[in-house]
Amino acid sequence: MRQSAPADGYAEFAAARTGHLYRSACLLTAGDTHLAEDLVQETLGRLYLRWARVSRVDNPAGYAQTVLTRAFLAHQRRRSSRERAVAAFPEVADGGTADMPLRLTLLQALGRLPAKDRAVVVLRYWEDRSVEETAGAMNASSAAVRTRCSRALVRLRELLGEDMSEYARP
C-alpha cells in the first residue's frame, strides 16, 4: 500500500481555484494582470509548501484567499514594486464586450483606493466574507475592517457616482 505524498490533492485544488484566485488578484491589483499572475503564483507556491497542513483545514479555499490577500498587502508595502507593466487594460479573452465599460470603470475606481481599502472591498463584496473573516485575512481588528469598508464605499460612491444605471445590463 502506497503512503500518501504531501502534495496529494494539491494539483486538483490548484486547478480548481486558480481562476478564482486570479479574478480576485485582478480586483486587488485594480486590473494589473501581470501583478495578479505573480500574486497567484506566489500564493500557489506558498500553499504547495504547506499543503500537508493546508489540506487538513476546514476551508482550504479561504486559506488560499487569505494567503493571496496578505501577499498583495506585503507587495503594496514595498515601495519599489509600484511600477506598472502596461498603461492600458488588455483585451477580454472571452470576446464579450457588453459589460466592458462597467469593468473598466470599476477597475479604475478600485485602483484609486488605498491598497488596504481595496483589499477590504474585494474580501467583503467579491469574496462575500464576513467582517471577522476579513479581519483575520488582513491581520486587523473587526472595527478597523468596518471603518475601512465604510470609508472605501463612500470613496467609491464619490468616484462612481450614486447612479450606476448607465452600466447595468438591460
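Coordinates for the structure precede this section.
Residues numbered from 1 in each chain as written. Predicted model: local features only at pLDDT ≥ 70, side-chain atom pairs only at ≥ 80, totals over all residues. Heavy atoms only, no water.

> Just to check I follow, could you spell out helix H5 (residues 100–111) for this structure?
One full turn of an α-helix is made of 3.6 residues, so residues set three or four places apart face in the same direction. Helix length check: H5, at 12 residues, gives a terminal C-alpha distance of 16 Å against a target of 16 Å (1.5 Å per residue), a fit within 8%. Among all positions in H5, only Met 100, Thr 105, Leu 107, Ala 109 and Leu 110 are buried. Of the surrounding secondary structure, the elements contacted by the buried residues of H5 are helix H1 (10–28), helix H6 (115–126) and helix H8 (142–160). (Helix = DSSP H or I, 4+ residues; strand = E, 2+ residues; numbered from the N terminus. Expected span 1.5 Å × (residues − 1). Buried < 20%, exposed > 50% of the residue type's maximum accessible area, 1.4 Å probe, protein only. Contact = heavy atoms within 4.5 Å.)

> For this particular structure, what's the right way to read the environment of Gln 65?
Counting through the fold element by element, Gln 65 comes out in helix H4 (residues 60–77). The residues touching Gln 65, leaving out its near neighbours within four places in the chain, are His 20, Leu 21, Ser 24, Leu 123, Glu 127 and Arg 129.

> Any chance you could explain the packing of aromatic side chains here in plain terms?
Within a pair of aromatic rings, the relevant descriptors are the distance that separates the centres and the angle that separates the planes. In this structure the tally under the stated criterion is three aromatic pairs. On the numbers, 5.0 Å between centres and 75° between planes, the contact of Tyr 10 with Tyr 48 is edge-to-face. Separated by 38 residues along the polypeptide, Tyr 10 in helix H1 and Tyr 48 in helix H2 (residues 33–49) bring together distant segments of the chain. Note on Tyr 10: relative accessible area 13%, which makes it buried. Here the aromatic rings of Tyr 10 and Trp 51 are separated by 5.6 Å at their centres, their planes lie at 75°, and the arrangement is edge-to-face. Placement of Tyr 10 in helix H1 and of Trp 51 in helix H3 (residues 51–54) is noted, with a sequence separation of 41 residues between them. Sitting over the face of the ring of Tyr 125, Arg 124 holds its NZ or CZ atom 5.7 Å from the ring centroid. (Phe/Tyr/Trp six-rings, centres within 6.5 Å; stacked < 30°, edge-to-face > 60°. Lys NZ or Arg CZ within 6 Å of the ring centre and 35° of its normal.)

> Would you take a moment to explain the nonpolar core for this structure?
The tendency in soluble globular proteins is for nonpolar side chains to be buried side by side. Ranked by internal contacts, the top residues of the largest apolar core, which has 41 residues, are Leu 44, Leu 47 and Phe 72. Of all elements in the fold, only H1, H2, H3, H4, H5, H6, helix H7 (131–138) and H8 reach the threshold of two or more residues within this core. For this core, the element with the most residues is H1, which contributes eight residues. Contact partners of Phe 72, with chain neighbours within four places excluded, come to Leu 28, Thr 29, Leu 39, Ala 115, Arg 118 and Ala 119. (Core = buried A, V, L, I, M, F, W, Y, C linked by side-chain atoms within 4.5 Å.)

> Explain the environment of Leu 153 to me, please; I cannot follow it from the model alone.
Along the polypeptide, Leu 153 turns up in helix H8. Taking the C-alpha atoms as reference, Leu 153 lies 9.8 Å from Leu 113; in sequence the two are 40 residues apart.

> So what exactly am I meant to see when it comes to the pattern of salt bridges here?
Oppositely charged side chains are able to pair whenever their charged atoms sit close together. Inspection of every chain in the model, using the stated rule, returns three salt bridges. We note a salt bridge from Arg 155 to Glu 158, for which the minimum N-O separation is 3.3 Å. Pair noted here: Arg 155 and Glu 158 are both in helix H8, with a separation of three residues, about one helical turn. You can call Glu 158 exposed: its relative accessible area is 55%. (Salt bridge = Lys/Arg side-chain N within 4 Å of Asp/Glu carboxyl O.)

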